[in-house]
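# Coordinates in review
As a plain string of letters, each chain reads:
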Amino acid sequence: MDPDFTADAPPAAATSSKPSSKPASKTGSKAGSASALPPLPATTEPSDAQQQQQSAQSQPQPPAQPAPASKASSRRASNSQLAKPASPSPSPSPAPASGSAQRQQEQGQDRPGSAGLPEDTELALARAFLQESSDASGLNLYDHLSSVILRILEQRPKNAADIFEQLSGEVKRSRFPADESNTPGAFRQAKDLSEAVELAKAQIKAVQDAGQNRTTDGQPKEEEGVGEIPDMLDLVNLFEWAGVAPLSAPETYILSLSLRHLTTTKSLKSVRLFGKIFTLASNPYIVAECEPANPPPELEPGAVPQDDSNDPIAGFAVDAEIAKEKKEREELVAKMFEEAVEGVPEEMGKSIPKPKKGGFGEVKAERGVGVNKYVYYVCRFAGGPWIRLPDALPEKIHTSRKVLKYFSGDLNKKLVTYPAIECSEAQYLRCQIARIAASTVLSPQGYYMFDPEEEAALEEGGQPTSIIVNPEYRPAPAAELLQTSAWVHHVPYILPQGRVNWEAPPKIGGKEPAEGEEGEGEEKEEEEGGSEAGDGGSGVGGRESGPGVLTPVAEEAELAPGVPAFTIRVCSTYHTLKYTPIHLCSNRWPGAHTVAYQDRFANVYVGDGIKMVTDAHGYHIPEPVPDCAMEWVDKDKKEEDEQPEEKEEDEGEGGEKKVKENLGVLVEQVEPTLEQEKALEEEKAAKEAEKEEAEAEGKEDDE
Amino acid sequence: MELCDIPTLTSAGGFTLNIEERAALSASLAILRDSERFHHVRLWGKVLAVSRMYLVAVGWSDDYFRRKYFYSMDASTWLLLPEVTTEEVKATRKISQRFTGDIAFEYTVGDEVASETPDSSPKTVLNEEKRLSAFIRLINNDCEIVPRGAFYKDAMNSVQLNPSFVGLSRPELPHLESYFHFRPDWHPNTALMTTADRDRRQDTIDIFESVSSDRPRGVWSINLESGAQQSVLRNLEWPGYFFFHSTQPSRWGGMYVGTGQRNINFGYML
């Protein structure tokens, strides 16, 4: 800094501290306002900083450099002391107009406080330093500290000294409110608002839709076409006794309104809350189980169920895509087959296997009965739009039993699993729902009974399937319901093939594929433990069977020693049994609960949609990779191939390889067994001997 | 987790306490706090055994990391859980079966590989009470989390609850970096920090390890609920651990409600 400027400073500073502080604070505020403006491009920044510096220099403000400042202060000290003899300093004033700055400094160090400067001037200088605005942010420390201290005094936090850094950070952050459209964070804040508002809008719509059923004077209309809905709020109370909360009470209320709306718009006979399934990165799936008033017609095997007339959202893009890909692949194979067969003599062409259609043992999907007796709707939050899940396909149910996978939260995502399930998450969700329903939905013994009209079928040896509510059912006392024998499955068992009613798989070609049937025996055991006496589908075309509907829970196998399929307990430890709900929870499907109280009972599932792994050490072992399929070799050709092989056998092991190379045909072969090898050796030896003999004979002839 | 949050804020986790449990707990926890001279007592969780369930409560005074655990089978009488050694905690990690519900049941934990040979290493025998105690340590170590800024380290280097914590901001809410493991004695490796990390770091509140560094990736599932006003974190390795942080009102808490089994297959399941 130039010495002239410092020399001029004393009179201005000596008069009062105000003039110096005022312009400084001005610069501070100016810098602050500059920083609040939208950020300028990088190129303009230096000039801005220069401007600030210039403005700071133009102010009649003492510079912050220590050496000239101390020099100046020493002069000012003497000046002021001359002017004001009644100085607060107790010591005698030093020699006036001393020349050496260093000496002055030493004196200042010797007597801190007096320092040869009046306090207000010192303070003014210090304040001026603190008020210098930062080059980077434009903030100045003076204003910042006063804001922090003000904040502490206003809010009185405990142990302010310890959280000072955080408080300071908060004050700094609060200086930059996102009131400008291009401030960082402004867009996110706007989005936050919309999410909460979207939810509120959807929920209020659900409430208002329900209100349409009222007449103008607020009386409920005669309800027409409304399906049967359970008293959800009552059920939630029941579930609460079991410690399960599918939804909070207000959400349940909105959901029940939304369900009623669903029954009228989709013409459903009845509806029940199936439960809630958690997802990894999104809201959970809230699942409603609905019985349609008009069951849909049957579908062709392999076809993806398309939307019904009353329901446009069914069927997912990924499923359609997968089906399309599969069809294209089949067409390609068929085309390649035709090309290959072309020009080949008929009797040879006959032995070339025809491409398979429709995969292994693909059976028809059930429509409106069995697995797909109910349709399932999913929503992501109470009051949200309902999305219909596709019907369960038997093949997918079969594969889903071998797969362990969390739900991602995107219904239209293609699943990547081993073994490949090749479907959308919606289809997988539907399969899991079918499996959960079949193994965990329970009712007290006697509540349902077999349809008497079907008894004829029973006499013929078939299993009864259709059940009706027993009109003479009397609720059993609580003590009785505490037994596993008092509870039955009323949702039919799903056979390993993925259907409830067995259907013979279509025959493919002349031969039956072995792979398609292999896994089923073990899978079946896994699914329901050893509870069924079925033959496990071992024989091809053998009729699969499982436990019939209304089989008591007591007959189910244990998961592990000491772990039954269901745990039954009373919900209350202290209340009398009469007023205590009974709680059954499935150990096989954690999250499946059944609660019964007096004449009511309800089932709900709240969980991940994953079956408990029953391995002793908790490991899920995926099924082994299937053996590589044998390359097809034409029988006649193979025999021909073997002829030259034997001829060149004398070259030993390398011979075989060479033969293949020579022929230019890839022949997949089984590794010869020891006996075969020995036989071959003997044969070879015999031939050698023959050859030698022949040669010897030839020689003899020559001679 | 505090009892007052249980019916309203835990439904996102799918569990609740029934009216009897809430009534009994609010009384019995107060008595526990008084009789054990704790400053704070909270419900830690519920372990679902095959035949019954254990409620677990935790109490502490000044130091957040000197806690004592109690279990109860009827929500009214509380029993102190025994202390366990590090070896016992390690052995507990290997147990894959469910809690039986019989507190005296003995688990034999041997080295899986070594047990096939006759002269194997000595097997650890744990009873269910010890397993429960060790299990709580495991969950605390692997799962217990707090939002960033909820605690600070004071000048005496002790961890204190931050009274000026008003909840995470909306942009911070869906990020794992905003949630910390509640474990003592964490020393960050400053050498590995980027300049941006150092800029963001505040020494007083960045006192725990963030869960974003947990491996394998994806062990935490984080969702936003109720119009993005509440975040819900679930641990997939220990299914049953649930953590919520609601911004309106500003509440947070974690609780374990599960069978006590570790999901070792979750790597396949993502």
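Position labels on residues start from 1 in each chain and follow its written sequence. Naming scheme: in the order in which they are written, chains are lettered from A and ligands are numbered from 1. Given that the model is predicted, a residue must reach a pLDDT of at least 70 before its local features are reported, and side-chain atom pairs must reach 80 or more before they are shown or counted; all residues, however, enter totals for whole chains, interfaces and linings. Only hydrogens and water are set aside when side-chain values are computed; all heavy atoms of the structure are taken into account.

Helix-helix packing is characterised by the crossing angle of the two axes and by the distance between the axes. Residues and elements named next belong to chain B. To get an axis, a line is fitted to the C-alpha atoms, and for a helix only the part in contact is used. The angle between two axes follows their N-to-C directions and goes from 0 to 180 degrees. Helix and strand labels come from DSSP, where a helix needs a run of H or I of at least four residues and a strand needs a run of E of at least two; each type is numbered from the N terminus. Remark: helix α3 (residues 86–94) packs on helix α4 (residues 128–142), axes separated minimally by 9 Å, with the N-to-C direction vectors making an angle of 85°. Judged on the interaxial angle alone, α4 and α3 are roughly perpendicular. Residues E88, V89, T92 and R93 of α3 touch α4, and the partners they reach there are K130, R131, A134, F135, R137, L138 and D142. Looking at side-chain class alone, the contact of α3 with α4 contains four nonpolar, one polar and six charged residues. Here roughly perpendicular refers to angles of 65 to 115 degrees, roughly parallel to angles under 35, roughly antiparallel to angles over 145, and oblique to all remaining angles. Whether two residues are in contact is decided by their heavy atoms, any of which lying within 4.5 Å being enough. Residues are grouped as follows: Ala, Val, Leu, Ile, Met, Phe, Trp, Tyr, Cys and Pro are nonpolar; Asp, Glu, Lys and Arg are charged; every other residue, Gly included, is polar.

A few words now on the sheet that holds strand β4 (residues 79–80) of chain B. Residues and elements named next belong to chain B. Taken together, eight strands build an open sheet; the order of strands is β4-β3-β2-β1-β14-β13-β12-β11 and the sheet is mixed. Every other strand in the sheet has two partners, leaving β4 and β11 (220–225) as the edge strands with one partner each. One ladder, built from five bridges, connects strand β12 (residues 230–235) with strand β13 (residues 241–246); its direction is antiparallel. Each residue of the ladder has a partner; that of V232, found in β13, is F244. Packing of helix α2 (residues 19–35) onto the sheet brings it into contact with β1 (40–48), β2 (53–60) and β3 (68–72), and relative to β1 it is tilted by some 130°. Where α4 meets the sheet, it contacts β1, β2, β3, β4, β11, β12, β13 and β14 (251–258), and its direction lies at approximately 110° from that of β1. What makes two strands pair is DSSP finding at least two bridges between them.

Buried accessible area, meaning the area lost when the parts come together, often serves as the stated size of an interface. Listed by partner, the interface residues are 55 residues for chain A and 51 residues for chain B. Accessible-area loss on putting two parts together, using a 1.4 Å probe and summing over both, is the definition of buried area adopted here. Carbon and sulfur atoms supply 51% of the area that chain A and chain B bury against each other, a total of about 4400 Å² over both sides. Its largest share of buried area at the contact with chain B, chain A owes to Q166(A), L280(A) and Y406(A), together 14% of the area lost on that side. Within this document, salt bridges are pairs made up of a side-chain nitrogen of Lys or Arg and a carboxyl oxygen of Asp or Glu, the two lying within 4 Å of each other. Our count for the contact surface shared by chain A and chain B stands at two salt bridges.

This next bit is on the nonpolar core. We define a nonpolar core as any set of buried Ala, Val, Leu, Ile, Met, Phe, Trp, Tyr and Cys residues linked to one another through side-chain atoms lying within 4.5 Å. Note on exposure labels: buried denotes an accessible area under 20% of the residue type's maximum, exposed denotes more than 50%, and partly exposed covers the range between, all computed with a 1.4 Å probe on protein chains only. Core analysis: the largest hydrophobic core is formed by 57 residues, its most contacted members being W44(B), L132(B), F151(B) and Y179(B). It is α4(B) that provides the largest number of residues to this core, a total of six residues. Apart from the residues within four sequence positions on either side, W44(B) is in contact with V56(B), A57(B), V58(B), Y69(B), F135(B), I136(B), I139(B), N140(B), M255(B) and Y256(B). If you look at the next biggest cluster of nonpolar residues, it comprises 32 residues, including V403(A), F407(A), L411(A) and V491(A).

Here Y418(A) and P419(A) are connected by a cis peptide whose omega angle stands at -10°. Within the secondary structure layout, P419(A) lies in the loop between α14 (394–400) and α15 (425–440). Across the junction of Q248(B) and P249(B), the peptide omega takes the value 0°, indicating a cis bond. By secondary structure assignment, the location of P249(B) is in the loop between β13 and β14. The residue N157(B) is not glycine, and still its phi comes out positive at about 65°. Tracing the backbone through its elements, the reader meets N157(B) in the loop between β8 (151–153) and β9 (159–161).

With that out of the way, let us pick up the packing of helix α10 (residues 232–241) of chain A against helix α11 (residues 249–265) of chain A. Residue and element names in this part refer to chain A. Relative orientation of the contacting elements α10 and α11 amounts to 140°, with a least axis distance of 9 Å. Classed by the angle they form, the pair α10 and α11 counts as oblique. Both α10 and α11 take part in a crossing whose hand is right-handed. Note on element contacts: α11 touches α10 through A249, T252, Y253, L255, S256 and L259, opposite M232, L233 and V236. Helix crossings fall into two classes, left-handed where the near helix is turned counterclockwise from the far one by less than a right angle and right-handed where it is turned clockwise.

Residues and elements named next belong to chain A. Every helix has an expected span of 1.5 Å times one less than the residues it contains. Taking 1.5 Å of rise per residue, the 17 residues of α11 would be expected to cover 24 Å, and the 25 Å separating its terminal C-alpha atoms lies within 8% of that figure. Where α11 is concerned, the buried positions are T252, I254, L255, S256, L257, S258, L259, L262 and T263. Once α11 finishes, S267 follows within two positions and takes phi at roughly 45°, a positive value.

So, about α15(A). Given a rise of 1.5 Å per residue, 16 residues ought to cover 22 Å, and the 22 Å separating the end C-alpha atoms of α15(A) matches this to within 8%. With 16 of 16 residues buried, α15(A) is to be regarded as a mostly interior element.

This next bit is on the packing of aromatic side chains. Two aromatic rings, drawn from Phe, Tyr or Trp (for Trp, its six-membered ring), form a pair once their centres lie within 6.5 Å of each other, and the interplanar angle then sorts them: stacked below 30 degrees, edge-to-face above 60, tilted otherwise. Counted by the stated rule, this structure contains 28 aromatic pairs over all chains. Judged by centre distance (5.1 Å) and plane angle (35°), the rings of F407(A) and Y428(A) are tilted. On the criterion of sequence distance, the pair formed by F407(A) in the loop between α14 and α15 and Y428(A) in helix α15 is long-range, its members being 21 residues apart. Following the ring pairs from residue to residue traces out a cluster consisting of W44(B), Y54(B), Y71(B), F99(B), F135(B), W238(B) and Y256(B).

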